[in-house]
Amino acid sequence: MSLLGIFKTETAQLETYLGESGTGIPQYGDPVSVTGVFEPKARTERGTGSYSELRGDDTLADLEGFLSATTCIHPQDRLTLAGKRYRVLEVREMKLEGKAHHVEALFQEVA
């Protein structure tokens, strides 16, 4: 049984970041449905992952998500949950006994 199965799960829409257009506008792929456990989060991440290390500053995560190990999610992807849009800041693959167990992701709300 999946660990996610014992918690209240929600369905969100995930769009893969494709890069920027010639005019600098972020481009995203078609949305796909993902199911996970999402919790509001208000904490600062200081240099703990690729996003904050690249920017060299602190980033504030507004949401934390726990998703299936098979979820394809990367920093800069975009998530829509309950009418709010978020940017993926950081993704961590969590293992149990050497095998992928689930994915934890931090999100920042965007306009």
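Below you will find a few notes about this structure. (Residues numbered from 1 in each chain as written. Predicted model: local features only at pLDDT ≥ 70, side-chain atom pairs only at ≥ 80, totals over all residues. Heavy atoms only, no water.)

1. Considering the nonpolar core
General note: in soluble globular proteins, nonpolar side chains tend to be found buried as a group. The condition is simple: The term nonpolar core refers to a set of buried residues drawn from Ala, Val, Leu, Ile, Met, Phe, Trp, Tyr and Cys, joined through side-chain atoms within 4.5 Å. Throughout this description, buried means an accessible area under 20% of the type-specific maximum (1.4 Å probe, protein chains only), exposed means over 50%, and partly exposed covers the range between. Comment: elements are numbered from the N terminus, with helices defined as DSSP H or I runs of at least four residues and strands as E runs of at least two. By definition in these notes, contact holds between two residues if any of their heavy atoms fall within 4.5 Å.
The biggest cluster of nonpolar side chains holds 14 residues, and the ones touching the most others in it are Phe38, Leu63, Ile73, Leu79, Leu81 and Phe107. Breaking this core down by element, the ones donating at least two residues are strand 1 (10-15), strand 4 (32-46), strand 5 (58-68), strand 6 (78-81), strand 7 (84-96) and strand 8 (99-110). The element that contributes the greatest number of residues to this core is strand 8, accounting for three residues. Leave out the neighbours within four places in its chain, and Leu63 touches Phe38, Glu39, Pro40, Lys41, Leu79, Leu81, Tyr86, Ala105, Leu106 and Phe107.

2. Regarding empty space enclosed by the protein
This is how the line gets drawn: Space inside and on the surface of the protein is sampled on a 1 Å grid over the protein atoms alone, with a cavity defined as a set of points where a 1.4 Å probe fits but cannot get out and a pocket as an open set with protein on both sides within 12 Å along at least 5 of 7 lines; lining residues have an atom within 4 Å of a point. Grid points are joined across faces, edges and corners, and a volume is the space filled by probe spheres set on the points. Polar here means any residue outside two lists: the nonpolar Ala, Val, Leu, Ile, Met, Phe, Trp, Tyr, Cys and Pro, and the charged Asp, Glu, Lys and Arg; Gly therefore counts as polar.
On inspection of all chains with the given rule, the structure shows one cavity of 30 Å³ or more. Of the voids in this model, the largest cavity is the one considered here, and its volume is about 30 Å³. Taken together, Glu64, Glu90, Val91, Arg92, Glu104, Ala105 and Leu106 make up the lining of the largest cavity. Split by residue class, the lining of the largest cavity holds three nonpolar, no polar and four charged.

3. Observations concerning the pairing of strand 8
As a reminder of what qualifies: A pair of strands is treated as paired once DSSP finds two or more bridges between them.
In the sheet, strand 7 pairs with strand 8 via eleven bridges, with the strands oriented antiparallel. Its bridge partner lying in strand 8, Arg85 is registered against Val110. In this structure, the hairpin formed by strand 7 and strand 8 is closed by a connection of two residues, where Glu97 is found at a positive phi of approximately 55°.

4. Notes on the pairing of strand 6
In the sheet, strand 1 pairs with strand 6 via three bridges, with the strands oriented antiparallel. By the bridge assignment for strand 6, Gln13 is matched with Thr80. In terms of strand pairing, strand 6 meets strand 7 through four bridges, oriented antiparallel. Counterpart to Leu81 in the pairing with strand 7 is Lys84. What sits between strand 6 and strand 7 in their antiparallel hairpin is a turn of two residues, with Ala82 showing a positive phi close to 50°.

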